[in-house]
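# Coordinates in review
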Amino acid sequence: MGVRVTNGRALLAAVMGLGVAVSAQAGEYPDIGPLPALKVDAAKAELGKRLFFDKRLSGDAGIACSTCHVPENGFGSKEALSPGYPGNGNFRNAQSVINTAYKKVWLHDGRIGTDLNDVTREMITEDYIMNMDMRIMQERLKQDPVYVEMFKAAGKNEPSNGGARSIIPEYLKSLTSRNAPFDSGKMSASAKSGMALFKGKAGCIQCHNGPLLSDQKPHNTGVPENFDVFLDPMNHQAFIAFAMFQGIPNYMNLKRDPGYLNITLDPKDMGKFITPSLRELKYTAPYMHNGTIKMLAEVVEFYNQGGGKDSNKSPLLKPLQLSKAEKKDLVAFLEALSGDQLTSDQYVWKGEYPAEYPAIDNWTQVRN
Ligand code: HEC
Ligand code: HEC
């Protein structure tokens, strides 16, 4: 093309507007590279960790954040569709929360663009997720003497719902990639070739760029629907509750996840999802917003064929004609973006939660 555009967004707009595809040129996109280190407050992160693994944060005290964001699965869920609050299903894959502290937009459809405090509130209060009333949560926390001490150590007066919502994100800040070969410069020759393809011939960098390998913008890649959402009444019930709340037109008859359309209600955004980070993929199978692709080799084949079938599919995707060896190299590169598993005591609360507390006299008079 004769026009030189340095801004990725402007380029994207130009390409979409003209309906022509350009081959990716790495220099035009924010470079992929190591994530900057985050400063974490140790006392707050320790308290956030205890909260993340505590089932008492859900309405019936049956599930914790860690029920769906499982440490061994890269803090995501290995089921294609996430578990739901007991008695509910779910309609999306539970994302990894590793590196989530670096994001500016959260959830598969990007419906939260403020901060992790708001994402945490959504997770706790949403009826198909933890179905918890924050006022009850606060009273439960105040009854546990360990929390009373830990909130003090974290510089808070007493356990409160606002305190819990601000402190869980501090723990999430401690969940970041460690020692990925990509970051430590120890990639195999095959992974290095894969990286060149990623930035060049395969064009992945058009959307997967910057240190997170995500532009954090919505695109339609034509991922097929997961019909378990609509065929399983438990999942469908969660989907309907969600779609009704979001004001999605015709939600009772809808048999697809509208994605970014949730936010704009604009038909041109149907089936767009926020580009995910590509870090820690080794642990987070299955892939995509609905877990329909099981292996990285299948993801690469999906892109090799130009993505899925959708009338609204991004013009940036087209068949890639990758050789067998090139596909292997791309997979090796994707694998090199995963670091150490975050399953040690540093990241996982392995202590007990007391089942009984001493009775508190004159409850209404008490301040912790
Ligand atoms: C019942 C399962 C479940 C539980 C429990 C749960 N989550 Fe989630 N979480 C999900 C699902 C599903 C998504 C994706 C939702 C979507 O895109 O609509 C998600 C997404 C997230 C995200 C967004 C990640 C990103 O990078 O965009 C964060 C952060 C998160 N959860 C944190 C938490 C925290 C903190 C808790 C506990 C307070 C929690 N979750 C409890 C299922 C769960
Ligand atoms: C047009 C933008 C775009 C391009 C180009 C693109 N991707 Fe994606 N990628 C996405 C979006 C959007 C998703 C999420 C789709 C969904 O959840 O339905 C995604 C999902 C993925 C996932 C699944 C991640 C997860 O955690 O579920 C992998 C792996 C992936 N892409 C790798 C690649 C590779 C390799 C290439 C190049 C061959 C590539 N992508 C090219 C936008 C793009």
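A quick note: this is a predicted structure, and the numbers were derived from the prediction, not measured. (Residues numbered from 1 in each chain as written. Chains lettered and ligands numbered in written order. Predicted model: local features only at pLDDT ≥ 70, side-chain atom pairs only at ≥ 80, totals over all residues. Heavy atoms only, no water.)

This part is about the overall build of the chain. The helix and strand tally for the chain stands at 14 helices and 2 strands. Relative to the compact-globule value of 21 Å for 368 residues, the chain shows a C-alpha radius of gyration of 22 Å, a close match. Each of the three principal axes of the chain carries a C-alpha extent, and together these read 75 × 50 × 35 Å. Sorting the 368 residues of the chain into buried and exposed places 51% on the buried side. Look at the contacts in the chain between residues 6 or more apart in sequence, and 67% of them connect residues 24 or more apart. Working note: accessible area of the chain is about 17,300 Å², and carbon and sulfur atoms make up 54% of it. (Helix = DSSP H or I, 4+ residues; strand = E, 2+ residues; numbered from the N terminus. Rg over C-alpha atoms; globule rule 2.2 N^0.38 Å. Buried < 20%, exposed > 50% of the residue type's maximum accessible area, 1.4 Å probe, protein only. Contact = heavy atoms within 4.5 Å. Areas by Shrake-Rupley, 256 points an atom, 1.4 Å probe, with all protein chains shown as cover.)

Looking at the metal site, the iron atom of ligand 1 is ligated by His69 (NE2) and Met123 (SD), spaced 2.1 to 2.5 Å from it. Coordination at the iron atom of ligand 1 comes from 6 donor atoms whose angles at the metal span 87 to 180 degrees, giving a geometry best classed as octahedral. With His69 in the loop between α3 (65-68) and α4 (116-125) and Met123 in helix α4, this pair connects stretches of sequence that are 54 residues apart. (Donors = N, O, S within 2.8 Å, 3.2 Å for Na, K, Ca; no water. Tetrahedral: all angles 85-135°; square planar, octahedral: opposite > 155°, others 65-115°.)

Another point: the domain arrangement of the chain. Interface size is commonly expressed as the accessible area that is lost once the parts come together. Here the chain is partitioned into domain 1 (42-176) and domain 2 (178-222 + 275-341). A C-alpha centroid distance of 28 Å is found between domain 1 and domain 2. Every contact between the two is made by 20 residues of domain 1 and, on the other side, 14 residues of domain 2. Across the domain 1/domain 2 interface, buried area totals approximately 1,300 Å², and carbon plus sulfur atoms make up 52% of it. Our count for the contact surface shared by domain 1 and domain 2 stands at 0 salt bridges. Linking domain 1 with domain 2 are 6 residue pairs in polar contact (both at pLDDT 80 or more). (Domains from an automatic or database assignment. Buried area = accessible area lost by both parts, 1.4 Å probe. Salt bridge = Lys/Arg side-chain N within 4 Å of Asp/Glu carboxyl O. Polar contact = N/O pair within 3.5 Å; in protein donor to acceptor, adjacent residues only side chain to side chain.)

By nearness alone, 21 residues border ligand 2, and Cys204, Cys207, His208, His289 and Tyr303 come closest of all. In this structure, Met288 approaches ligand 2 through a main-chain N or O atom, which is 2.7 Å from an oxygen atom. His289 has a polar side-chain atom sitting 2.6 Å from an oxygen atom of ligand 2. Here the shell around ligand 2 is composed, by residue class, of 14 nonpolar, 7 polar and no charged. (Near = heavy atom within 4 Å. Nonpolar A, V, L, I, M, F, W, Y, C, P; charged D, E, K, R; others polar.)

Moving on, we come to the pattern of salt bridges. Any two side chains of opposite charge can pair, so long as their charged atoms come close to each other. Inspection of the entire model under this criterion finds 23 salt bridges. Where Arg279 meets Asp183, a salt bridge forms, and the shortest distance between an N and an O atom there is 2.9 Å. One end of the pair, Arg279, is in the loop between β2 (273-274) and α13 (296-304); the other, Asp183, is in helix α8 (residues 181-184), with 96 residues separating them in the sequence. Residue class for Arg279 comes out buried when judged on its relative accessible area of 5%. For Asp183, a relative accessible area of 28% corresponds to the partly exposed category.

Here we come to empty space enclosed by the protein. With the rule as written, the count across this model stands at 2 cavities of 30 Å³ or more. Considering the residues around the largest cavity, the lining is formed by Phe91, Glu225, Asn226, Val229, Phe230, Phe239, Arg256, Asp257, His289 and Asn290. When grouped by side-chain class, the residues that make up the lining of the largest cavity number 4 nonpolar, 3 polar and 3 charged. (1 Å grid on protein atoms, 1.4 Å probe; cavity = no way out; pocket = protein on both sides within 12 Å on 5 of 7 lines; lining within 4 Å. Points joined across faces, edges and corners; volume = space filled by probe spheres on them.)

Close to ligand 1 lie 28 residues, the nearest being Cys65, Cys68, His69, Lys103 and Met123. His69 places a polar side-chain atom, nitrogen or oxygen, 2.9 Å from a nitrogen atom of ligand 1. Contacts to ligand 1 include Lys103, whose side-chain N or O atom sits 2.7 Å from an oxygen atom. Secondary structure elements with two or more residues in the shell around ligand 1: α3 and α4. Considering every element that reaches the shell around ligand 1, the biggest residue donor is α4, with 4 residues. Classifying every residue of the shell around ligand 1 gives 17 nonpolar, 8 polar and 3 charged.

Take the packing of aromatic side chains next. With the rule as written, the count across this model stands at 14 aromatic pairs. Grouped by ring-pair contacts, the aromatic residues Phe91, Tyr128, Phe227, Phe230, Phe239 and Phe242 constitute a single cluster. Directly above the ring of Tyr147 sits Arg50, whose terminal nitrogen or CZ lies 4.4 Å from the centroid. (Phe/Tyr/Trp six-rings, centres within 6.5 Å; stacked < 30°, edge-to-face > 60°. Lys NZ or Arg CZ within 6 Å of the ring centre and 35° of its normal.)

Another aspect to go through is unusual backbone geometry. Glycine aside, residues mostly have negative phi, and peptide bonds are mostly found in the trans state. The omega torsion of the bond from Ala285 to Pro286 falls at -5 degrees, within 30 degrees of zero and hence cis. Tracing the backbone through its elements, the reader meets Pro286 in the loop between β2 and α13. Phi at Leu107 is positive, roughly 75 degrees, even though this residue is not glycine. Along the chain, the position of Leu107 falls in the loop between α3 and α4. Here the phi dihedral of Asn131 falls at roughly 50 degrees; this positive angle occurs in a residue that is not glycine. By the secondary structure assignment, Asn131 is in the loop between α4 and α5 (134-143). For Asn131, a relative accessible area of 32% translates into the label partly exposed.

Contact geometry for helix α9 (residues 189-199) and helix α14 (residues 324-335): axes closest at 7 Å, N-to-C directions at 100 degrees. As the angle between them shows, α9 and α14 are arranged roughly perpendicular. Packed against α9, whose contacting residues are Ser190, Ala191, Ser193, Gly194, Met195, Leu197 and Phe198, the element α14 presents Glu326, Lys328, Asp329, Leu330, Ala332, Phe333 and Leu334 at the interface. Classifying every residue of the contact of α9 with α14 by side-chain character gives 8 nonpolar, 3 polar and 3 charged. (Axes fitted to C-alpha atoms, helices over the stretch in contact; angles between N-to-C directions. Parallel < 35°, antiparallel > 145°, perpendicular 65-115°, else oblique.)

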